[in-house]
Amino acid sequence: MSRPIAISDSANFYVSAERIFDPSLRNVPVIVLSNNDGCAVARSDEAKALGIKMGAPLHLIRDKVLAHGIRVFSSNYTLYGDISRRVVEVYEAFSPVVEVYSIDESFLDFGGFRDREAHAQEMRAQVLLQVGVPVRVGIGPTKTLAKCANEVAKRNPIFKGVLDLMDRSVADWVLPRVPVGDVWGVGVRTRAKLAPLGVHTAADLRDMPARQARDLGSVVLERTVRELRGEPCIPLDEAPPPRKGMAVTRSAGAPMRDMETVMSALAAHATRASEKLRQHGLIAGTMTVFFHTSRFSVGKPQHAAFRTVKLTPMTSDARDLVSAVRACVEASWPQHGGPYAFAKSGVLLDDLMTEADRPRTLFDVEEPSTGRSPAVMRALDAVNARFGKKTMVLGSEGTTRAWEMRAEHRSPRYTTRISDLPVVR
């Protein structure tokens, strides 16, 4: 018999995180916006009941926001990331293996527990007690069945937040009630291909011939069919796979019209990318830099630029990355046309590996004559870890940050900034 796999996800995670420190948000409609306060990316159940759709642009729902007193928040990723970390710490007390799937979802090994439902309910209770976030749990012999169980558990209150599909008879009752579009890995295009074949539910997909599934949607759909039958095809990762690339990209809060403004934004992105590299003990061998105008700016000059460079030697030093960024910007800056209003920029790092695995060159020395001492980066990280992000930055980021994303409704960073700690009076 396959070992039980559970998946636990947080209910309306961004909204739940905001409610931890502000009790006045409970039982009222709340939405959290995307970058630059553009669209609704998280909605409380109360907001969903008012017809607020996922991805609804704020400027199109302002009348509804005012009419119903909907509370609006900018994304507070610093807070959400820290709350996610705390939730995972609770999970680790209930399972020997926890695979973080996303900021609000984790797979867990539930093998060896006699009463899995009681174990899951206790875990839910502890997450709510220790962190303050409600979670739902789905259990099954495969990841896909666990995801199906989770979807049903979050929508049907009779399961009280936990559904176990390890029993085949329970799965046979549940799967005909799960729309095929809700099955993990089945997108809009695949669903459209399945509909003419009479495949409308998870049970229909489970009963589809595996070869037909492969012909229709490649090995990915065949794997989904086999997982719905209880055949594990997607392993539970006991250790996260090594990262092969990373990116830091941002939309600008205001149009970037000159080279130095674009350079300032990209320097900040490169610095953040270097921090992420050092956090994971990695160095990068290739960097791509891009910046472009908004395709929604009808009638205005359009331009997109990108450059890829090899980093020699491979590095995680912010100063090296910023130097490479400047070379890329200068080489790709438009010489004719314009003026351009650049709306987004970013850096992408590839060819990642650990420092210990870095290929050496004939002229490698411990601290190059350029003065790129690793101790400087360690000091920079230490200062920012102690006093808050961006306490100390490279001069190339500039002193003004007009390009920063809009976040007019962002809540305090309650758990990561001393100045934002909630005060009890």
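Small disclaimer: the values here were computed from a predicted structure and weren't measured. (Residues numbered from 1 in each chain as written. Predicted model: local features only at pLDDT ≥ 70, side-chain atom pairs only at ≥ 80, totals over all residues. Heavy atoms only, no water.)

Asker: Before we move on, could you go through the pattern of salt bridges and cite the residues and values that matter?
Answerer: Evaluation of the coordinates by the stated rule reveals 27 salt bridges. For Glu-99, the salt bridge is made with Lys-143, and the minimal N-O distance between the two is 2.8 Å. In this pair, Glu-99 is assigned in strand 5 (residues 98-102) and Lys-143 in helix 6 (residues 143-155), connecting sequence segments 44 residues apart. One salt bridge connects Arg-206 with Asp-172, and the closest N-O pair in it is separated by 3.0 Å. Of this pair, Arg-206 sits in helix 9 (residues 202-206) while Asp-172 sits in helix 7 (residues 168-174), and the two are 34 residues apart along the sequence. For Arg-206, a relative accessible area of 9% gives the class buried. (Salt bridge = Lys/Arg side-chain N within 4 Å of Asp/Glu carboxyl O. Helix = DSSP H or I, 4+ residues; strand = E, 2+ residues; numbered from the N terminus. Buried < 20%, exposed > 50% of the residue type's maximum accessible area, 1.4 Å probe, protein only.)

Asker: Please give an account of the sheet that holds strand 5 that cites residues and values.
Answerer: What the 5 strands build is an open sheet, ordered 5-6-1-7-8; its pairing is mixed. Two strands lie at the open edges of the sheet, namely strand 5 and strand 8 (162-164), each paired on one side alone. Between one strand axis and the next, the sheet turns through 15° on average, direction left out of account. Two elements, strand 1 (residues 5-10) and strand 6 (residues 105-109), share 5 bridges in a ladder whose sense is antiparallel. Opposite Ile-7, over in strand 6, you have Phe-107 as the bridge partner. Where helix 6 meets the sheet, it contacts strand 1, strand 5, strand 6, strand 7 (135-140) and strand 8, and its direction lies at approximately 140° from that of strand 7. (Pairing = 2+ DSSP bridges. Axes fitted to C-alpha atoms, helices over the stretch in contact; angles between N-to-C directions. Contact = heavy atoms within 4.5 Å.)

Asker: An account of the domain arrangement of the protein chain is needed here, citing residue identities and associated values.
Answerer: Partitioning the protein chain into domains gives domain 1 (1-165), domain 2 (178-241) and domain 3 (246-397). Relative placement of domain 1 and domain 3: their C-alpha centres are 33 Å apart. (Domains from an automatic or database assignment.)

Asker: Before we move on, can you summarise the pairing of strand 6 with the specific residues and values?
Answerer: On any regular strand, side chains alternate: one points to one face of the sheet, the next to the other face. Here strand 6 lies mainly inside the structure; 5 of its 5 residues are buried. Of the two faces of strand 6, both are covered, the one formed by Glu-105, Phe-107 and Asp-109 as well as the one formed by Ser-106 and Leu-108. Where strand 5 and strand 6 come together, 4 bridges link them in antiparallel fashion. Considered in strand 6, the bridge of Glu-99 is made with Phe-107. Hairpin connection of strand 5 to strand 6: 2 residues between the antiparallel strands.

Asker: Go over the nonpolar core with me, naming the residues and quoting the values.
Answerer: Met-287, Val-325 and Leu-349 are the most contacted members of the largest nonpolar core, which has 37 residues in total. When residues of this core are assigned to their parent elements, the largest contribution, 9 residues, is made by helix 11 (residues 259-279). Discounting residues that sit within four places of it in the chain, Met-287 has contacts with Arg-307, Thr-308, Val-309, Leu-311, Leu-321, Ala-324, Val-325, Val-347, Leu-348 and Leu-349. By size, the runner-up hydrophobic cluster in this structure holds 32 residues, among which are Phe-13, Val-15, Met-123 and Tyr-414. (Core = buried A, V, L, I, M, F, W, Y, C linked by side-chain atoms within 4.5 Å.)

Asker: I'd like a rundown of the packing of aromatic side chains, residues and numbers included.
Answerer: Scanning all chains against the criterion turns up 14 aromatic pairs. A centroid spacing of 5.6 Å and a plane angle of 85° characterise the contact between Tyr-101 and Trp-184, whose relative ring orientation is edge-to-face. Note that Tyr-101 is positioned in strand 5 and Trp-184 in the loop between helix 7 and helix 8 (188-194), a separation of 83 residues in sequence. Judged by relative accessible area, Tyr-101 falls into the partly exposed class, the value being 38%. Taken together, the aromatic side chains of Phe-13, Tyr-14, Tyr-77 and Tyr-80 make up a single cluster linked through ring pairs. The ring centre of Phe-107 lies 4.6 Å from the NZ or CZ of Lys-143, which sits over that ring. (Phe/Tyr/Trp six-rings, centres within 6.5 Å; stacked < 30°, edge-to-face > 60°. Lys NZ or Arg CZ within 6 Å of the ring centre and 35° of its normal.)

Asker: Kindly report on the UniProt feature "domain: UmuC" (unreviewed entry) in the protein chain, identifying the contributing residues and their values.
Answerer: Residues annotated by UniProt as "domain: UmuC" (unreviewed entry) correspond here to residues 5-187. The annotated region residues 5-187 carries 38% helix and 20% strand content, and the separation between its end C-alpha atoms amounts to 23 Å. (UniProt positions renumbered as here; feature names shortened; annotations may be inferred.)

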